[in-house]
Amino acid sequence: MRIDLGLLGAHLREHEVTPESAAEVERAGYGTLWLDASPPADLTLVEQLLDATTRLVVGTSVVNVWTADADTVAASYHRIETKHPGRFLLGVGIGHREVHTEYASPYDTLVSYLDRLAAGGVPADRTVVAALGPRMLRLARDRTAGTIPCMVPVEHTLRARSILGAGKLLLPGHFALTEPDADRARAIARSAPPGTALAVTNYANNLRRLGYTDDDVAHAGSDRLIDALVAHGDPATVATTLLAHQDAGADQVGVYPLGDDPIATLLSVADAVHAVTAG
């Protein structure tokens, strides 16, 4: 079953979203709300967000193989699919060695997790993988509906599409902030992900594969790298930066909101994108 995910996806963590704000995001024109940062395997909040909306797809970005039992996740998938058919997409990820002491054999561990989901009856075309490097991208291509990478510039989207080929979902996430002052926007970005996430090996190595240097990755990111990872500026500039992923082969552009009010950022970004695409 192909799910209509829409052009824009909204990325929010559990503490940033409520059923009421999910409805607000839906009214703003987002096709998908991605629940970030390792939601628990029972996926209760996913169900609550779907209950509060009418057409919005809700996905996980991502359930973590080290913290979310695959059998429990599979049971949660079936519960949600029965109640809200065609409105849930399961994103799965391997986590990071800096966070999980048990982190080892990431590729084989993820393969085993996908095997357990399949044994639990979760269809491959309702699962996506958070893949960055070529090997994980090929796994996403061969075993799931596609990939939902984050901390990626447009160059990654181009490379990912060349590996995935046609017909697989490519759903990159990009940080965004409607802030016309470049220095202020970069400072905000450096004080939160993406700046703080550059210490994560998986992200830093992926950026090096794309041609960014150790100097770019150091000290919460060079201006060049921050500008590649964060859409900032006036609304039209933000929209144009995000839509470059679509031009590079993305099926949807996920928006990671920066700033003190993530919902307000999402709403302003949606207005900007709609203005550009309508005009």
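Use the structure listed above.
All residue numbers refer to position in the chain's written sequence, counted from 1. Owing to the predicted nature of the model, reporting of local features is limited to residues with pLDDT of at least 70; listing and counting of side-chain atom pairs is limited to 80 or more, with chain, interface and lining totals taken over all residues. Note that the side-chain values use all heavy atoms of the structure and ignore hydrogens as well as water.

Asks: Sorry, what's going on with helix α4 (residues 106–119) here?
Replies: Helical periodicity: at 3.6 residues per turn, an α-helix aligns residues three or four positions apart in one direction. A run of H or I in DSSP counts as a helix once it spans at least four residues, and a run of E counts as a strand once it spans at least two, with each numbered from the N terminus. Expected span of a helix, by definition, is 1.5 Å for each gap between consecutive residues, and there is one gap fewer than residues. For α4, built from 14 residues, the straight-helix expectation of 20 Å at 1.5 Å per residue is met to within 8% by its first-to-last C-alpha distance of 20 Å. Taken as a whole, α4 has its buried residues at L110, V111, Y113, L114 and L117. Seen along its axis, α4 keeps its buried residues to an arc of 160 degrees; they face one direction. Residues of α4 that are exposed and point more than 90 degrees away from the buried face comprise D108 and A119. One or two residues past the end of α4 sits G121, with phi positive at roughly 85 degrees. Type-normalised accessible area, obtained with a 1.4 Å probe on protein chains alone, sets the label of each residue: buried when under 20%, exposed when over 50%, and partly exposed for intermediate values. Arc, as used here, means the arc of the directions from the helix axis to the C-beta atoms.

Asks: Would you explain the side chain of E179 in this entry?
Replies: Among the secondary structure elements, E179 is positioned in the loop between β9 (173–177) and α7 (182–190). Think of a polar contact as two N or O atoms within 3.5 Å of one another; within protein, one of them needs to be a possible hydrogen donor and the other a possible acceptor, and neighboring residues in sequence only count if both atoms come from side chains. Separated by 3.3 Å, the side chains of E179 and R184 make a polar contact. Here a residue-residue contact requires only that any non-hydrogen atoms of the pair lie within 4.5 Å. Setting aside anything within four residues of it in sequence, one finds E179 in contact with R184, A185, H232 and G233.

Asks: I keep staring at the pairing of β9 and nothing clicks. Help me out?
Replies: Remark: a regular strand shows side chains that alternate across the two faces of the sheet. Of all five residues in β9, five are buried, a share of seventy percent or more. Across the two faces of β9 the burial is the same, with G173, F175 and L177 and H174 and A176 all buried. One requirement defines pairing of two strands: DSSP has to find at least two bridges between them. Across four bridges, the pairing between β9 and strand β11 (residues 253–257) is parallel. Its bridge partner lying in β11, A176 is registered against P257. Judged from the three bridges that link them, β9 and strand β10 (residues 230–232) form a sheet pairing that is parallel. Among the inter-strand pairings, F175 is bridged to a residue of β10, identified as V230.

Asks: What should I look at first to understand the packing of helix α2 (residues 44–51) against helix α3 (residues 70–83) in this one?
Replies: Packed helix pairs are specified by the crossing angle of their axes together with the interaxial distance, meaning the distance between the axes. Between the N-to-C directions of two axes lies an angle of 0 to 180 degrees, each axis being a line fitted to C-alpha atoms and, for a helix, fitted only over the stretch in contact. Here α2 crosses α3 at 10 degrees, and the two axes come no closer than 10 Å. When the interaxial angle is binned, α2 and α3 end up roughly parallel. Between α2 and α3, the contacting residues are T44, V46, E47, L50 and D51 on the first element and R79, I80 and K83 on the second. Of the residues assigned to the contact of α2 with α3, the class counts are three nonpolar, one polar and four charged. Here the angle decides the label: under 35 degrees means roughly parallel, over 145 means roughly antiparallel, 65 to 115 means roughly perpendicular, and every other value means oblique. Polarity classes work like this: nonpolar for Ala, Val, Leu, Ile, Met, Phe, Trp, Tyr, Cys and Pro, charged for Asp, Glu, Lys and Arg, and polar for all others, with Gly in that last group.

Asks: Explain the packing of aromatic side chains here, please?
Replies: Centre-to-centre distance and the angle between the planes together describe a pair of aromatic rings. Pairing of aromatic side chains requires ring centres within 6.5 Å, counting the rings of Phe and Tyr and the six-membered ring of Trp. Pairs whose planes differ by under 30 degrees are stacked, by over 60 edge-to-face, and all others tilted. Counted by the stated rule, this structure contains two aromatic pairs. Ring geometry for F175 against Y256: centres 5.1 Å apart, planes inclined by 35 degrees, an arrangement best described as tilted. With F175 in strand β9 and Y256 in strand β11, this pair connects stretches of sequence that are 81 residues apart. Since its relative accessible area comes to 6%, F175 is described here as buried. A cation sits over an aromatic face here: R135 above Y107, 3.6 Å from the ring centre. Think of it as a cone above the ring: NZ of Lys or CZ of Arg counts as a charge over the ring if it is within 6 Å of the ring centre and within 35 degrees of the ring normal.

Asks: Hey, could you run me through the nonpolar core in this one?
Replies: Taken as a class, soluble globular proteins show a tendency for nonpolar side chains to be buried jointly. Here, the term nonpolar core denotes a set of buried Ala, Val, Leu, Ile, Met, Phe, Trp, Tyr and Cys residues that are joined through side-chain atoms within 4.5 Å. Counting residues in each nonpolar core, the largest one holds 61 residues, and the members touching the most others are Y30, Y113, L117 and L242. Excluding anything up to four places from it in sequence, Y30 contacts L8, G9, A10, V25, R55, L56, V255, L266, V269 and A270.

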